[in-house]
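Each chain, written out:
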Amino acid sequence: MFDMINIFEVFLPQLLRYPNPTDPLNGEAAALLMRDPKTYELKVKGLLLLSFFPSSALYKLAPPHPPSYPPN
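Being a predicted model, the structure only gives us computed values, none of them experimental.

### Things to note about a nonpolar patch on the surface
There is a patch of nonpolar side chains on the surface, built from Val44, Leu48, Phe52 and Phe53 and spanning about 380 Å² of accessible area. For Phe52, the location among the structural elements is in helix H3 (residues 37–52).

Okay, here's the thing in structure tokens:
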């Protein structure tokens, strides 16, 4: 049986590292992952930067974004 430590240390990290694009919660993200994994990775990294740093710090930290980034 699963205990809480196993869920947080094994299950959730693997779920986040290896998403299942064939049964997506977010269809747009799954389609991008299947179509263009590199752009998907850049978009995820960009969204993480947006959530953890103020916008003024992003200009110094963020790599160039794909043309469709950020989403409106």
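Picking up after the structure, the text goes on.
### Overview of the pattern of salt bridges
In total, this model carries 2 salt bridges according to the counting rule given. As a salt-bridge pair, Glu28 and Lys43 come within 3.9 Å of each other at their nearest N and O atoms. Of this pair, Glu28 sits in helix H2 (residues 27–35) while Lys43 sits in helix H3, and the two are 15 residues apart along the sequence. According to the relative accessible area criterion, Glu28 is exposed, its value standing at 59%. Residue Lys43 is classed as buried on the basis of its relative accessible area of 18%. When the shortest N-O distance is used, the salt bridge between Glu41 and Lys45 registers 3.0 Å. Linking Glu41 with Lys45, this pair stays in helix H3, spanning 4 residues, or about one helical turn.

### Things to note about H2
Among all positions in H2, only Ala30, Leu32 and Leu33 are buried. Burial along H2 is one-sided: seen end-on, the buried residues are contained in an arc of 165 degrees. Across H2 from its buried face, at more than 90 degrees, point the exposed residues Glu28, Met34 and Arg35. Those residues of H2 that are buried are in contact with H3.

### Some thoughts on H3
With 16 residues, H3 extends 23 Å between its outermost C-alpha atoms, agreeing within 8% with the 22 Å of an ideal straight helix rising 1.5 Å per residue. Among all positions in H3, only Thr39, Lys43, Gly46 and Leu49 are buried. The buried side chains of H3 occupy one side of the element, clustering within an arc of 120 degrees when seen end-on. Turned more than 90 degrees off the buried face of H3, the exposed positions are Ser51 and Phe52.

### Things to note about the packing of H2 against H3
Running from N to C, H2 and H3 cross one another at 130 degrees; their axes reach a closest spacing of 5 Å. Between H2 and H3, the angle is such that the two are oblique. Of the residues in H3, those touching H2 at Glu28, Ala29, Leu32, Leu33 and Arg35 are Pro37, Thr39, Tyr40 and Lys43. Class assignment of the residues belonging to the contact of H2 with H3 gives a composition of 5 nonpolar, 1 polar and 3 charged.

Rules behind the numbers
- Residues numbered from 1 in each chain as written.
- Predicted model: local features only at pLDDT ≥ 70, side-chain atom pairs only at ≥ 80, totals over all residues.
- Heavy atoms only, no water.
- Patch = residues over 30% accessible without salt bridge, like charges linked within 9 Å, V, L, I, M, F, W, Y side chains within 5 Å.
- Areas by Shrake-Rupley, 256 points an atom, 1.4 Å probe, with all protein chains shown as cover.
- Salt bridge = Lys/Arg side-chain N within 4 Å of Asp/Glu carboxyl O.
- Helix = DSSP H or I, 4+ residues; strand = E, 2+ residues; numbered from the N terminus.
- Buried < 20%, exposed > 50% of the residue type's maximum accessible area, 1.4 Å probe, protein only.
- Arc of directions from axis to C-beta.
- Contact = heavy atoms within 4.5 Å.
- Expected span 1.5 Å × (residues − 1).
- Axes fitted to C-alpha atoms, helices over the stretch in contact; angles between N-to-C directions.
- Parallel < 35°, antiparallel > 145°, perpendicular 65-115°, else oblique.
- Nonpolar A, V, L, I, M, F, W, Y, C, P; charged D, E, K, R; others polar.

Geometric descriptors of this kind do not, in isolation, establish any biological role.
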